[in-house]
Amino acid sequence: MTGKMSNEEMEEVKEAFCRIDQDNSGFVCFEELFDLFNETNLRLPRYKVREMIRELDCDHDGKLSFPEFLQIFQDLKCSQIAKTFRKAINKKEGILAIGGTSEQSSEGTQHSYSEEERFAFVNWINTALENDPDCKHILPMDPHNEDLFKGLGDGIVLCKMVNLSVPDTIDERTINKKKLTPFTTQENLNLALNSASAIGCHVVNIGALDLKEGKPHLVLGLLWQIIKIGLFADIELSRNEALAALLRDGETLEDLMKLSPEELLLRWANFHLENAGHPPINNFSSDIKDSRAYFHLLNQISPKGTEEGQPRIDISMAGINERDDMKRAELMLQQANRLHCRQFVTPADVVSGNPKLNLAFVANLFNKYPALTKPENVDIDWGLLEGETREERTFRNWMNSLGVNPHVNHLYGDLQDALIIFQLYEQIKVPVVWTDVNKPPYPKMGANMKKLENCNYAVDLGKSAKFSLVGIGGQDLNDGNPTLTLALVWQLMRRYTLNVLEDLGNGEKVNDDIIVNWVNKTLKEGGKSTKISSFKDKANSSSLPVIDLIDAIKPGSISYELVKTGSLSEDDKLENAKYAISMARKIGAKVYALPDDLVEVKPKMVMTVYACLMGRGMKNVSDNANQQQLGY
């Protein structure tokens, strides 16, 4: 069913689900749905709403999960009820409904965006990039108007935001900064979009033209993903061992490592609230509306002046007794400002319980003042905190860029029920019989058996797809075996990459030899002297074949004065690799590999670089052929 909805519509439904789920439980209960229908003036009898829930409640728990809720939206999609449903959601949440200019919009679909998000993101960008000389022509932007949608149109700020979230993703030398033309602007936007995809943003159905035209729902959606990745970067045990202080009795480090950044943030907030003698909160929406939990959290994390050179900041708790919610929220934010943490939320966002912006507010608090101490003299196997490898990070970002649900935070743990793997199979055109798949919530008794059944089915599908799975069983995926899980994931990514080439080549099969031959043929035809014998060829460590190939595909794109040649040091090779990867993305190749993969000549990742560039080259040929047919 989900294939009938565009990705933009899917995001709208996700937003709708979160807004209706007032208690942030992850489910919509009968009362929440009944109230919403009443607000649409449909006023369905209670028994009708119960019948609807009963029909769509697949697990018979009396409430609707997101997939079940999605079914409602799809059933109503073309009806008057659906239109009224959307209007009610927008009106209730203070959302601006706008007519977009996408294909769906021309058919009457309305896209929505939140003024609150626009206000928050503009202020965040203004603060984060205020000293960047390359952004002076745009910043500061006015958060009260539509400056944001115009200001991001040349791609410079977007590139900067990507690097702010994941440093060094984009080689600054590849950003066009002066005397911009429509052509160089599009290059910047391609660079920003492909780099955002490489760090795990879901950018399907978003093009450079959409950003240049400043389509609000697409701009805000992309910005939120980029900002969130940056905010969540350090909310992870391997990067912040002090998070082990959040371990509860009977828990292991592995248990804590399985928590998502959102879950860790909630655990962190409650750790400090418990120390303050305040009841725990269950979410960053309804439970924080009165600002009292925030007052106590700020008081707990504020610097006490115990570290050398650290000034003491005393949080005033006087505002906690203010009777008016809005005034109390403002007084709380004044205290947050003393910590230089008044970002993302206004008093109205706190009082309304805006889940997205309050999550960002708390993440920023954590990043600046975690106020945690790494446990000492505790029986903890710190060897588990090795952090993910480059290969693991690349695979995880690739999955997330495809929009898998749920979001992959921990590669092995999040694949243990195979639901993500099934979604990847669909991406490579391997049919999945979803009626044979066990879906959450799993029963308390036998949950692991249900997950194991899924994993066995995932291995069977791999065999039907002619994957090499010798020695790999469902139990290996269920156990989170790193080596064997990666073996399957690599084959999924490889098939996905080759499918793109086969689609461009009218279904002709592609293998490693065909890619290598194409690379050498293209280099020769482009007048280049470089060539490769294989993806293991040590010549790849200089990145010179990649750089020359980019210039052969798009002549004149490479600034050769920036390229290191001759006898290269490791630093020289890395500089070349950074330039090569960013330039590949700039000309439109969606490359997921990292510069170190080229320097160290990791054959798998080197293969993906050349395959993506081959796809870009084949698209050039296809576009030229189409133009000739049209008489251009």
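Rules and cut-offs
Residues numbered from 1 in each chain as written. Predicted model: local features only at pLDDT ≥ 70, side-chain atom pairs only at ≥ 80, totals over all residues. Heavy atoms only, no water. 1 Å grid on protein atoms, 1.4 Å probe; cavity = no way out; pocket = protein on both sides within 12 Å on 5 of 7 lines; lining within 4 Å. Points joined across faces, edges and corners; volume = space filled by probe spheres on them. Helix = DSSP H or I, 4+ residues; strand = E, 2+ residues; numbered from the N terminus. Phe/Tyr/Trp six-rings, centres within 6.5 Å; stacked < 30°, edge-to-face > 60°. Buried < 20%, exposed > 50% of the residue type's maximum accessible area, 1.4 Å probe, protein only. Salt bridge = Lys/Arg side-chain N within 4 Å of Asp/Glu carboxyl O. Polar contact = N/O pair within 3.5 Å; in protein donor to acceptor, adjacent residues only side chain to side chain. Patch = residues over 30% accessible without salt bridge, like charges linked within 9 Å, V, L, I, M, F, W, Y side chains within 5 Å. Areas by Shrake-Rupley, 256 points an atom, 1.4 Å probe, with all protein chains shown as cover. Lys, Arg positive; Asp, Glu negative; His and termini not counted. Charge placed at Lys NZ, Arg CZ, Asp CG, Glu CD. Expected span 1.5 Å × (residues − 1). Arc of directions from axis to C-beta. Contact = heavy atoms within 4.5 Å.

Counted as a void, the second largest pocket has a volume near 1,000 Å³. Around the second largest pocket, the lining is made up of 41 residues, and of these Asn194, Gly588, Ala589, Lys590 and Lys619 lie nearest the centre. The set of elements that each furnish at least two residues to the lining of the second largest pocket consists of α10 (182-198), α11 (208-212), α19 (390-401), α24 (482-504) and α29 (603-629). Ranked by the residues each element gives to the lining of the second largest pocket, the list is headed by α24, at eight residues.

The subject of this paragraph is the packing of aromatic side chains. Counting across every chain of the model gives nine aromatic pairs. Between Phe121 and Trp224, the ring centres sit 6.1 Å apart and the planes meet at 5 degrees, which makes this aromatic pair stacked. With a gap of 103 residues between them, Phe121 in helix α7 (residues 115-128) and Trp224 in helix α12 (residues 216-232) connect regions that are remote in the sequence. Like Phe121, the residue Trp224 is buried in the burial classification. Centroid distance Phe422 to Trp434: 5.9 Å. Interplanar angle 80 degrees. Geometry classified as edge-to-face. Taken together, the positions of Phe422 in helix α21 (residues 419-427) and Trp434 in the loop between α21 and α22 (447-464) put the pair 12 residues apart, joining distant regions of the chain. Exposure remark for Phe422: the relative accessible area of 0% places this residue in the buried category. Put simply, the rings of Phe422, Trp434 and Tyr457 touch in pairs and so form one group of aromatic residues.

Tallying each qualifying case throughout the model produces 30 salt bridges. Notably, a salt bridge pairs Asp210 with Lys215, separated by 2.8 Å at the nearest N-O pair. Since its relative accessible area comes to 14%, Asp210 is described here as buried. A salt bridge links Lys602 to Glu600; the nearest nitrogen and oxygen atoms lie 3.9 Å apart. Residues participating in the shared-partner salt-bridge network are Asp132, Asp134, Lys160, Glu172 and Lys177.

Let us now look at the side chain of Ser165. The topology assignment puts Ser165 in helix α9 (residues 156-165). Given the relative accessible area of 11%, Ser165 is considered buried. A polar contact is formed between the side chain of Ser165 and the backbone nitrogen of Gly230, at a distance of 3.5 Å.

As a further point, take a negative patch on the surface. Side chains of Glu254, Asp255, Asp379 and Asp381 sit close together on the surface and give a patch of like negative charge. Its location among the elements puts Glu254 in helix α13 (residues 253-257). Accessibility expressed as a relative area gives 46% for Glu254, which makes it partly exposed.

What follows covers helix α16 (residues 325-338). An ideal rise of 1.5 Å per residue puts 20 Å on 14 residues; α16 measures up with 20 Å between its terminal C-alpha atoms. Among all positions of α16, only Arg328, Ala329, Met332, Leu333, Gln335 and Ala336 are buried. Along the axis of α16, the buried positions cluster into a sector of 155 degrees, meaning they face one direction only. Those residues of α16 that are buried are in contact with α15 (292-301), α17 (347-352) and α18 (355-368). For α16, the capping residue at the N-terminal end is Asp324, with a side-chain oxygen 3.1 Å from the backbone nitrogen of Met326. Just downstream of α16, His340 is the residue with a positive phi angle, here 60 degrees.

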